[in-house]
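Examining the three-dimensional arrangement
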Amino acid sequence: MTIPAAVGRLSLRPLDPLRDAALLHRWVTHPKAAYWMMQDATPVDVERAYRDIAADEHHHALLGLHDGEPAFLTEHYDPAHRELVGLYEPLPGDIGMHFLVAPTDRPVHGFTRAVITAVMAHLFADPAVRRVVVEPDVSNKAVHALNEAVGFVPEREIRKPEKTALLSFCTREQFTAATGVTA
């Protein structure tokens, strides 16, 4: 899937845990990725984590490309089976999402917003997806603003083993109203 964006072409491909582990290790251990909670991970830890995701029918990882070059990571999961089990009542059509933009020395204005918009458009391209669920750390104000910009509405704080999170939801209609993108 290729998504035209004001910042260039964004596309997604399945993540290859073996081929992409070294790249991902640089991204997830970078200080800007503190909320990814893999700061102390070794390359082997990262490869193992993404091999586990690749083998999981309820969790998927995609590598995002910007004009053909790796630039972001996204994961989606079934919240009835991963991440949020027992923390809220999932509805049919719910899908959970995470995304991480790679650290760069040459930031592009509007890039992160373009990435989250592209990720959301990709998720809503599946007609079975009715609502996207996120659970970022309550202290991650930057991602809360991005989430709001694409239509997420916070519901409540929840306590996960690794963090206190802000449970938020975005329907297809909310996404379209916020972005003008019809998925």
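What you are looking at is a predicted structure, and each value in this text was computed from that prediction instead of being measured.

1. Brief notes about the side chain of Arg-131
Relative to the elements of secondary structure, Arg-131 occurs in strand 6 (residues 131-134). Note on Arg-131: relative accessible area 15%, which makes it buried. Among the polar contacts listed, one links the side chain of Arg-131 to the side chain of Asp-94, at a separation of 2.8 Å. Non-local contacts of Arg-131, meaning those with residues more than four positions away in its chain, are made with Tyr-88, Glu-89, Leu-91, Gly-93, Asp-94, Ile-95, Phe-124, Phe-169, Cys-170 and Thr-171.

2. Structural notes on the confidence of the model for the protein chain
With 97% of its residues at a pLDDT of 70 or more, the protein chain has an overall mean of 93. Ranking the elements of the protein chain by mean pLDDT puts strand 1 (residues 2-5) last, at 54, and strand 6 first, at 98.

3. Focus: the packing of aromatic side chains
One pass over the full model with this rule turns up two aromatic pairs. Ring centres of Tyr-88 and Phe-169 lie 5.4 Å apart, and the angle between their planes is 55 degrees; this geometry places the pair in the tilted category. Remark: Phe-169 occurs in strand 8 (residues 163-171) and Tyr-88 occurs in the loop between strand 4 (69-77) and strand 5 (94-101); sequence separation between them is 81 residues. Just as Tyr-88 is buried, Phe-169 falls in that class too.

Calculation criteria
Residues numbered from 1 in each chain as written. Predicted model: local features only at pLDDT ≥ 70, side-chain atom pairs only at ≥ 80, totals over all residues. Heavy atoms only, no water. Helix = DSSP H or I, 4+ residues; strand = E, 2+ residues; numbered from the N terminus. Buried < 20%, exposed > 50% of the residue type's maximum accessible area, 1.4 Å probe, protein only. Polar contact = N/O pair within 3.5 Å; in protein donor to acceptor, adjacent residues only side chain to side chain. Contact = heavy atoms within 4.5 Å. pLDDT = per-residue confidence, 0-100. Phe/Tyr/Trp six-rings, centres within 6.5 Å; stacked < 30°, edge-to-face > 60°.

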